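Remarks on the overall topology
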Amino acid sequence: MFKLSVNEQTPMSFKRHCGVGVKRRPGERSTRGSGAYSDPEYKKYLNMLGFLISGAYMRSGLTIMEEYVCAVITFRFNAPNRWTDQKKIEAYKTKMLCAGKRDVDNLVKTVLDAAQGIVYNNDSQVVGLIAWKEYAALEGTDITFYNSSEFIQEIRDHIKGGL
């Protein structure tokens, strides 16, 4: 198992990649060939995230995972500015789920792309995934990678404990 917590402000280019603040004409869709994947700011963010994952992974003493991998990822976002302080405090205290415009699948893809070649050889090795977005006072991302047998056993233990 490998755990990493990245605490940071989310760069605007990353928000743009995830569909926040992007204005399109009705019916217009973004494409990978000319969209955020070729945006130099997004590539810079991806490299920065890969650098953080690489440093933490090397310090852990683990070697690249050759077997199947499962991931648990929590994305933490600040509550909207328009909310009252009381509502923000309650959201942070209860870890309220964030249903904002940022699509969790785009966020996940970024993390998996950044970890490729560091934690595992190819993101096709990722066979299990749990991801969610929640409100928090400190924005960031919590990432845990498991080999698939550890992950499945932990899920089974959790389910048995809840019954």
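The structure under discussion appears in the preceding block.
Predicted model only: the values in this text are computed from it and were never measured. (Residues numbered from 1 in each chain as written. Predicted model: local features only at pLDDT ≥ 70, side-chain atom pairs only at ≥ 80, totals over all residues. Heavy atoms only, no water.)

1. Side note on unusual backbone geometry
Keep in mind that most residues, glycine aside, have a negative phi and that most peptide bonds are trans. We note that Lys-95 has phi near 55 degrees; this positive angle belongs to a residue other than glycine. Looking at the secondary structure, you find Lys-95 in the loop between helix 3 (85-94) and helix 4 (104-115). Using a relative accessible area of 52% as the deciding quantity, one classes Lys-95 as exposed. (Helix = DSSP H or I, 4+ residues; strand = E, 2+ residues; numbered from the N terminus. Buried < 20%, exposed > 50% of the residue type's maximum accessible area, 1.4 Å probe, protein only.)

2. Re the pattern of salt bridges
All chains considered together, the criterion is met by 3 salt bridges. Linking Asp-142 and Arg-76 is a salt bridge whose minimum nitrogen-to-oxygen distance equals 3.1 Å. Highlighted residues: Asp-142 in strand 4 (residues 140-147) and Arg-76 in strand 2 (residues 69-77), separated in sequence by 66 residues. Given the relative accessible area of 24%, Asp-142 is considered partly exposed. Under the relative-accessibility criterion, Arg-76 is labelled buried at 9%. When the shortest N-O distance is used, the salt bridge between Asp-113 and Lys-109 registers 3.2 Å. On the criterion of helical spacing, the pair formed by Asp-113 and Lys-109 is a turn pair, its members being 4 residues apart in helix 4. The class for Asp-113 is partly exposed, based on a relative accessible area of 21%. (Salt bridge = Lys/Arg side-chain N within 4 Å of Asp/Glu carboxyl O.)

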